[in-house]
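Observations on the model geometry
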Amino acid sequence: EISIITQSPNTMRIELSIAAFPDVTVNYLTLKIENQAAVSTLSYQLIDMNGLLLECKQDLSSETLISLNNYPTATYILKVTQDSKEIKLFRIIKK
């Protein structure tokens with residue numbers, strides 16, 4: 001389950017799409033960014049509910065694959081930033 005927690009107004013449109021394999025677990029997320037001009041200025045952080053930074057990446061592509069294979073069933077926050085400014089937060093529930 002993915003839900004948007006916050007989104008800065010007047011920012012580019014960012015879409016997060018997900019596919020689950022096998023059916024009962026979520027192994028990967030795909031972060032899709034429609035505004036190609038700004039892709040290289042974006043980064044993400046994957047954070048657990050205790051605030052621990054699990055993963056971060058800069059210089060994203062238009063479709064960035066994020067693996068959740070090494071993380072247990074839990075709720076996570078995916079924070080997308082542009083030039084150190086928070087653009088969008090997603091709540092990710094790994095089942």
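We now turn to the structure provided with this report. (Residues numbered from 1 in each chain as written. Predicted model: local features only at pLDDT ≥ 70, side-chain atom pairs only at ≥ 80, totals over all residues. Heavy atoms only, no water.)

1. Details of the pairing of strand 4 (residues 42–48)
In terms of burial, strand 4 is largely enclosed, as six of its seven residues are buried. Both strand 4 and strand 7 (residues 74–82) contribute to a ladder of seven bridges, which runs antiparallel. In the strand pairing of strand 7, Leu42 is matched with Gln82. Two successive antiparallel strands, strand 4 and strand 5 (residues 53–58), enclose a turn made up of four residues, where Gly51 displays a positive phi of approximately 90°. (Buried < 20%, exposed > 50% of the residue type's maximum accessible area, 1.4 Å probe, protein only. Helix = DSSP H or I, 4+ residues; strand = E, 2+ residues; numbered from the N terminus. Pairing = 2+ DSSP bridges.)

2. Points about unusual backbone geometry
Non-glycine residue Asp59 carries a positive phi angle of around 50°. Position of Asp59 among the secondary structure elements: in the loop between strand 5 and strand 6 (63–67). For Asp59, a relative accessible area of 56% gives the class exposed. In this structure, Ser84 is a non-glycine residue whose phi angle is positive, near 70°. If you trace the backbone, Ser84 turns up in the loop between strand 7 and strand 8 (85–94). Given a relative accessible area of 75%, Ser84 falls into the exposed group.

3. Here we look at the environment of Tyr44
Looking at where Tyr44 falls in the secondary structure, it is placed in strand 4. Residue classification places Tyr44 among the buried positions, given a relative accessible area of 2%. A polar side-chain atom of Tyr44 sits 2.4 Å from a polar atom in the side chain of Glu55. (Polar contact = N/O pair within 3.5 Å; in protein donor to acceptor, adjacent residues only side chain to side chain.)

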